[in-house]
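The chain contents come next:
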Amino acid sequence: MKFLLAALNAKYIHSNPGIYSLKAYAERQMERDLSDALGKREISVELGEYTINNQMGDILKDIYLRKPDMVGFSCYIWNISWVMELVRDLPLVLPEVEIWLGGPEVSYDAADVLQREPGVTGIMMGEGEETFLEVLKLYADGRRDFSSIDGVACRNEKGEPVIRPLKKAVDMSAIPFPYEDLDDFEHKIVYYESSRGCPFSCSYCLSSLDKSVRFRSMELVKRELDFFLERRVPQVKFVDRTFNCSRKHTMEIWRHITEHDNGVTNFHFEISADLLDEEELELMAGMRPGLIQLEIGVQSTNPDTIREIRRKTDLNRLKSVVERIHGFGNIHCHLDLIAGLPYEDYESFRNSFNEVYEMKPDQLQLGFLKVLKGSFMAENAKAYGLVYSAKQPYEVLGTKWLDYGSLLKLKGVEEMVEVYENSGQFTVTMKELVKEFNTPFDLFSDLAEYYETHTLTGASHSRMARYEILDGFVAEHIPGKAAVYRRLMVYDLYLRENLKSRPDFAEDQTPFKEQVREFFAEEAVKHRYLSDGYEGFEARQLIKMAHLEVFAGKTAVLFDYRKRDPLSYNAAAYVIEDFFN
């Protein structure tokens, strides 16, 4: 018999650690249990990873050709619509297949799902390792009555839903390391789990339902991190809900990856910044640039909102810590805000945005509340006047503090932040442009309004077109400084790459052509600026490998593309003081 565990990921670069964990745990137990029930009927477990961008017909075809006896789908808000399409089509081409579902999107309304979807055999609720193993044992034993297994929702003889209590949480150290090799993870993010659960009770989050935190054995964790480091994996993303909830656990892992740093691997952690202490900060200050990156959930700076969503945040401490980390210059920081929370109206959110922007994050993620099944937020939706989409991902449409029109304005702000801030393509320009407005929020709000009034919203724009649009925005809002900002945009463009075609608004470089040629001829001999990696190249080659731009006819800047910032990936830039001598 064959059980296929299938995952529909949001992007190709993503993987689903859940199905790898289920397979690894079940196979280890099966090896130990060969003389018991599992020995009666051989069962193989296979994995199938797809994306929601695949054609559903192609996924259906692949599953059909594998000829599984059972298929299990991992269900989340971002993929449930596609999963249900497959759930309804699979029995038409594989009439004997038995379909199982699991994951947060089906764990909190399992009875409803069973009533709506006759093609579903059962649902594995909550943590799946032990439950999946027990289901496999029954299949191996030739039985089909799953109603005795904790963690399962199925039907009785009358076809009525039977919902069993959740299984006891599994021992984290009993779960085998799921990565036997990394051949299937080339060009993909590798996810890793060193703990489960969360000590906090944020009302919008399902992790708050499990307030216990369980840690994997540190001996195992270090051995597994060495596996990644030895293979020079580009990025390992920890999925621990609040990685630094245990100082001892955090310090051991951070010390280990610092001491065994391979100069390549980046580790991503989701943390609460206000929990970091001085010893942790001192360790972070000495890390290689790019060794770690941090995602920090601020969500709101409104005290009433923070209290209502049951978060415990020392905002002053958080600001101080983020400022310290920013000062280190070696760690990428990603700060999150959520629009649509209780007590947060448009003006309040504007204040939250401005406070977080002033923390100088490398990325500011403006998200919109998702009202998840089973969450405290969903239970209190009526009290908040909270309305949200009936379809996944259950995104907020309005609250008693924030109407739909205001949310649409914030959607515009979100797009502008993504394009002009988070992309990292307008770093120098935006640093100056934000000074022209009362607050950072006002800049992005005005940009969004400019897009709307010039019918630019919703269209697909090239990178160069984004600069041209910003040029038009500046000309309309700050006409006296158009030339200044054109130079800044050209500077930003060359920071990213040695352009093959220049924008129309760039200054003519023809008057300096001979001086530029002479500069590179001298550089090919003396290597005053272009040294590492440039030896042995002639001037005509150096001109293609680096770029020299003259701004306002008086300032010459050399862009070095072999020497890049490890965090922003911007080229090194040098002002050539003696260029006009």
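Structural data are supplied above this passage.
What this report covers is the structure whose coordinates are included nearby. (Residues numbered from 1 in each chain as written. Predicted model: local features only at pLDDT ≥ 70, side-chain atom pairs only at ≥ 80, totals over all residues. Heavy atoms only, no water.)

Let us look at the overall build of the chain. The helix and strand tally for the chain stands at 20 helices and 20 strands. Here the C-alpha radius of gyration of the chain, 27 Å, is about what a compact globule of 581 residues would show, namely 25 Å. Taken along its principal axes, the extent of the C-alpha atoms in the chain is 90 × 60 × 50 Å. Partitioning the contacts of the chain with sequence separation of at least 6, the portion at a separation of at least 24 is 69%. About 27100 Å² of surface is accessible on the chain, with carbon and sulfur atoms providing 48% of the total. (Helix = DSSP H or I, 4+ residues; strand = E, 2+ residues; numbered from the N terminus. Rg over C-alpha atoms; globule rule 2.2 N^0.38 Å. Contact = heavy atoms within 4.5 Å. Areas by Shrake-Rupley, 256 points an atom, 1.4 Å probe, with all protein chains shown as cover.)

Enumeration over the complete set of coordinates arrives at 42 salt bridges. For the salt bridge of K2 with E46, the shortest nitrogen-to-oxygen distance reads 3.5 Å. With a gap of 44 residues between them, K2 in strand β1 (residues 2–9) and E46 in strand β2 (residues 44–51) connect regions that are remote in the sequence. Connected through salt bridges with shared partners, the residues E127, E129, E193, R196 and R214 form a single ionic network. (Salt bridge = Lys/Arg side-chain N within 4 Å of Asp/Glu carboxyl O.)

Remark: the centre distance and the inter-plane angle together describe each pair of aromatic rings, the angle taken between the planes. Scanning the model with the defined rule gives 43 aromatic pairs in all. A ring pair is formed by Y179 and F228, whose centres lie 5.7 Å apart and whose planes are at 70°; its orientation type is edge-to-face. Within this pair, whereas Y179 is found in the loop between β7 (161–163) and β8 (190–192), its partner F228 is found in helix α7 (residues 218–230), the two being separated by 49 residues in sequence. Chaining the aromatic ring pairs together yields one cluster made of Y20, F177, Y179, F185, Y192, F227, F228, F238, F243, W254, F267 and F269. In this arrangement the basic side chain of R310 is found over the ring face of F376, its NZ or CZ atom lying 3.9 Å from the centre. The ring of Y534 is capped by R562, whose NZ or CZ atom sits 5.6 Å from the centre of that ring. (Phe/Tyr/Trp six-rings, centres within 6.5 Å; stacked < 30°, edge-to-face > 60°. Lys NZ or Arg CZ within 6 Å of the ring centre and 35° of its normal.)

Now for the pairing of strand β15 (residues 363–368). Note that strand β14 (residues 332–339) and β15 share 6 bridges and pair parallel. Bridge pairing in β15 links L335 to L364. (Pairing = 2+ DSSP bridges.)

Its location among the elements puts Q299 in strand β13 (residues 292–299). Owing to a relative accessible area of 8%, Q299 belongs among the buried residues under this scheme. A distance of 3.4 Å separates polar atoms of two side chains, one belonging to Q299 and the other to Y204. Aside from chain neighbours lying at most four places away, what touches Q299 is Y204, R311, D336, L337, I338, L341 and E344. (Buried < 20%, exposed > 50% of the residue type's maximum accessible area, 1.4 Å probe, protein only. Polar contact = N/O pair within 3.5 Å; in protein donor to acceptor, adjacent residues only side chain to side chain.)

Let us now look at the packing of helix α12 (residues 346–357) against helix α16 (residues 440–453). One can describe the packing of α12 onto α16 by two numbers: an axis separation of 8 Å at closest approach and a directional angle of 115°. Here α12 lies roughly perpendicular to α16, going by the angle between them. The segment α12 lies against α16, with Y346, F349, R350, F353, N354 and Y357 engaging P440, F441, D442, F444 and S445. (Axes fitted to C-alpha atoms, helices over the stretch in contact; angles between N-to-C directions. Parallel < 35°, antiparallel > 145°, perpendicular 65-115°, else oblique.)

With respect to the secondary-structure elements, F243 resides in the loop between β11 (235–238) and α8 (247–259). Assessed through its relative accessible area of 1%, F243 is described here as buried. Sequence separation between F243 and E323 is 80 residues; the distance between their C-alpha atoms is 20 Å. Each residue touching F243, except ones within four places of it in the same chain, is listed here: S194, F238, H249, T250, I253, W254, F269, E270 and I271.

Residues E180, D181, D183, D184 and E186 make up a contiguous surface patch of negative charge. Within the secondary structure layout, D181 lies in the loop between β7 and β8. Classification of D181 by relative accessible area gives partly exposed; the value is 38%. (Patch = residues over 30% accessible without salt bridge, like charges linked within 9 Å, V, L, I, M, F, W, Y side chains within 5 Å. Lys, Arg positive; Asp, Glu negative; His and termini not counted. Charge placed at Lys NZ, Arg CZ, Asp CG, Glu CD.)

Overall, parallel pairing links the 6 strands, which are arranged β8-β11-β12-β13-β14-β15 in an open sheet. Across the chains shown, the open sheet's two edge strands, defined by having one partner strand only, are β8 and β15. Averaged over neighbouring strand pairs, the angle between their axes works out to 25° when direction is ignored. The pairing of β8 with β11 spans 3 bridges and is parallel. What sits directly across from Y191, in β11, is K237. Relative to the sheet, helix α14 (residues 404–422) contacts β14 and β15, its axis offset from that of β15 by approximately 155°.

This brings us to the sheet that holds strand β6 (residues 152–155). Pairing in this open sheet of 7 strands is mixed, and the strands run β2-β1-β3-β4-β5-β6-β7 from one edge to the other. With partners counted over all chains shown, the strands left at the sheet margins are β2 and β7, one partner each. Neighbour-to-neighbour, the strand axes of the sheet open up by a mean angle of 20°, direction not taken into account. Both strand β4 (residues 98–102) and strand β5 (residues 120–124) contribute to a ladder of 4 bridges, which runs parallel. Of the residues in β5, the one forming a bridge with L101 is I123. In the packing of helix α2 (residues 56–66) onto the sheet, the strands contacted are β1, β2 and β3 (70–74), and the crossing angle to β2 comes to about 170°. Contacts from helix α6 (residues 129–140) reach β1, β2, β3, β4, β5 and β6 within the one sheet, and its direction differs from that of β1 by about 145°.

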